[in-house]
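Examining the three-dimensional arrangement
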Amino acid sequence: MKFFDFLCLCAFLVFCQLSFSNNDSIPTVSTINLEKTPYKSIHKFWLEIGKDAFNNPIKVPILIAKGKEDGKTLGLTAAIHGNELNGIPIIQSVFNNLDVSKLKGVIIAVPGLNSVAVFNNKRRFSDQVDLNRIFPGKKNGNTSQQIVYQIYHKIIKLFDFHIDMHTASFGRTNSMYVRADLRNNTLAMMSRLQNPDILLASKGNPSFGNSASQTLRATAMQQGIHSITVEYGNPQVYQPEMIKRGVQGIQNLLAWLNMTEESFSLSKNTIVCSKSNWIYTDKGGFLEIPVSLTQKIRKGQVIGILKDPFGAIIKKYIAPEDGIVIGKSTNPICFSGSRIIHLGILEK
Ligand SMILES: [Zn+2]
């Protein structure tokens, strides 16, 4: 066999390894060891983060691309809410189109962070806890606290830069928008590079009744990791347009971080919002929403029409101020206190 043929065969075998999966051949590990990972290579494995009721490992899928030399580490986490799926094919496509021989630094990606919820078609973990409300978890806490502790210490702490990939939740639809602390120039630039419809200023440090419990993004930022949240459309679906834009955003970020040799481009169409609010019903009924995602609306404009089952109007809801529609409900069935739209207030 000629040397060139040998190289082609090697390249083909690597391609097969990346493109076709046999779960039996993918190893399960208990920790990620970046130092022992060879340069110029892509690895996939299962990382154990706990035990299920059969005492079998609870595993999350990990993809690692280690480039030609040391550098920054970019983390990509998809589906901490198990019904928010668009981030998974975004990660797959970024890796399929990556030339690891030219990469500087490391990409660690998790295409299915809340793996138990993903295969249950649920937002929350098996104990009905929202994992994105209890970071950094507890080593000896309850089930979900232990899972989050493992995720945080085994995966998140390895990152320098991080994108947490979400979508709307059940019964809602989202534009492509980013939540980030825009007072920080690095976070603002990471956000702009995603070329989202809307960029929403959000400090990301809410505590949930317990100051030790917060979002993944807030905890990562406290650790000194540059972390933003990107919302890619709708739950429990793959949306080709969102996936394409998501891939371009990650590739833009890699270029800006000098991890690849590509160039990046910024959209002039991104709208910046300084704050946002959900607007809720105060009565029950069947809701019609006569405004669209990313539509700019004026104070006093009708944003929701609530009807009884016979078609009579119970109440019309109007916008309390000028703004833009970041997200909206898709479920017409409303109790009092149901969501109508997520209204972004444009930066002055
Ligand atoms: Zn989410």
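This one's a predicted model, so the numbers in the text were calculated from it and none came from an experiment.

Criteria and thresholds
Residues numbered from 1 in each chain as written. Predicted model: local features only at pLDDT ≥ 70, side-chain atom pairs only at ≥ 80, totals over all residues. Heavy atoms only, no water. pLDDT = per-residue confidence, 0-100. Contact = heavy atoms within 4.5 Å. Helix = DSSP H or I, 4+ residues; strand = E, 2+ residues; numbered from the N terminus. Polar contact = N/O pair within 3.5 Å; in protein donor to acceptor, adjacent residues only side chain to side chain. 1 Å grid on protein atoms, 1.4 Å probe; cavity = no way out; pocket = protein on both sides within 12 Å on 5 of 7 lines; lining within 4 Å. Points joined across faces, edges and corners; volume = space filled by probe spheres on them. Buried < 20%, exposed > 50% of the residue type's maximum accessible area, 1.4 Å probe, protein only. Donors = N, O, S within 2.8 Å, 3.2 Å for Na, K, Ca; no water. Tetrahedral: all angles 85-135°; square planar, octahedral: opposite > 155°, others 65-115°. Salt bridge = Lys/Arg side-chain N within 4 Å of Asp/Glu carboxyl O. Pairing = 2+ DSSP bridges. Domains from an automatic or database assignment. Buried area = accessible area lost by both parts, 1.4 Å probe. Nonpolar A, V, L, I, M, F, W, Y, C, P; charged D, E, K, R; others polar.

Here the focus is the confidence of the model for the protein chain. Confidence in the prediction of the protein chain, expressed as mean pLDDT, is 93, and 91% of residues score 70 or more. The low-confidence segment residues 12-19 (pLDDT under 50) makes 4 contacts with residues lying over four places distant or belonging to another chain.

Within the element layout of this structure, I147 appears in helix α4 (residues 143-154). As for I147 and G204, which are separated by 57 residues in sequence, their C-alpha atoms are 21 Å apart.

On to the side chain of D164. Here D164 lies in strand β6 (residues 161-166). Among the polar contacts made by the side chain of D164, one reaches the side chain of H166 at a distance of 2.7 Å. Residues in contact with D164, not counting those within four places in the same chain, are T77, I80, N132, L216, I228, T229 and V230.

It is worth spelling out the layout of surface pockets at this point. Looking at the largest pocket, its volume works out to about 880 Å³. Around the largest pocket sit 38 residues that line it, and R133, R172, R179, W278 and R339 are the ones nearest its centre. Going through the elements one at a time, β6, β7 (172-174), β8 (176-180), α6 (216-222), β10 (226-232), β11 (271-280), β17 (333-334) and β18 (339-346) are the ones with two or more residues in the lining of the largest pocket. In terms of residue count, the dominant contributor to the lining of the largest pocket is β11 (4 residues).

A few words on unusual backbone geometry. The omega torsion across F135 and P136 is 5 degrees, close enough to zero to call that bond cis. Along the chain, the position of P136 falls in the loop between α3 (115-119) and α4. Phi at A79 is positive, roughly 70 degrees, even though this residue is not glycine. Of note, A79 is situated in the loop between β4 (69-78) and α2 (87-96). A relative accessible area of 0% means that A79 is categorised as buried. Phi at N258 takes a positive value of approximately 60 degrees, unusual for a residue other than glycine. Of note, N258 is situated in the loop between α7 (240-256) and β11.

Around a metal, the perfect tetrahedron of four donors has angles of 109.5 degrees, and the perfect octahedron of six donors has angles of 90 or 180 degrees. Surrounding the zinc ion are the protein donor atoms H81 (ND1), E84 (OE), E84 (OE) and H166 (ND1), which sit 2.0 to 2.5 Å from the metal. Around the zinc ion sit 4 donor atoms, and with donor-metal-donor angles ranging over 56 to 154 degrees the site reads as irregular. Owing to a relative accessible area of 2%, E84 belongs among the buried residues under this scheme.

Here the focus is the pattern of salt bridges. For the coordinates displayed, the defined rule picks out 12 salt bridges. For D99, the salt bridge is made with K102, and the minimal N-O distance between the two is 4.0 Å. Here the salt bridges share partners, and the residues they tie into one network are E84, R123, D130 and R133.

Counting buried residues in β18 gives 6 out of 8 residues, a clear majority hidden from the surface. Note: β11 against β18, 7 bridges, orientation antiparallel. Residue N277 lies in a different strand from β18, and its bridge partner there is L343. Where strand β16 (residues 323-329) and β18 come together, 4 bridges link them in antiparallel fashion. Within β18, the position partnered with V325 by the bridge is L343.

What follows is about the domain arrangement of the protein chain. We note that the domain assignment places domain 1 (8-256) and domain 2 (276-346) within the protein chain. Spacing between the C-alpha centres of domain 1 and domain 2 amounts to 32 Å. Facing 9 residues of domain 1, the contacting portion of domain 2 comprises 14 residues. Regarding the contact of domain 1 and domain 2, the summed buried area is about 920 Å², with carbon and sulfur atoms giving 67% of it. It is R172, T173 and I198 that lose the most area in domain 1 upon contact with domain 2, and together they represent 51% of the buried surface on that side. Counting the contacts that link domain 1 with domain 2 gives 0 salt bridges. Scanning the region where domain 1 abuts domain 2 turns up 4 residue pairs in polar contact (both at pLDDT 80 or more). Among the secondary structure elements, those contributing two or more residues to the side of domain 1 that touches domain 2 are β7 and β9 (198-201). With 3 residues, β7 is the single largest residue contributor to the side of domain 1 that touches domain 2. In the side of domain 1 that touches domain 2, the residues fall into 3 nonpolar, 4 polar and 2 charged.

Picture the strands of a sheet paired through backbone hydrogen bonds; they go either parallel or antiparallel. Pairing is antiparallel in the open sheet, where 4 strands are placed in the order β15-β14-β12-β17. Unpaired on one side and paired on the other, β15 (313-318) and β17 mark the two borders of the sheet. Relative to strand β14 (residues 302-307), strand β12 (residues 285-288) runs antiparallel, the two sharing 3 bridges. From the neighbouring strand, F286 faces β14, where its bridge partner is K307.

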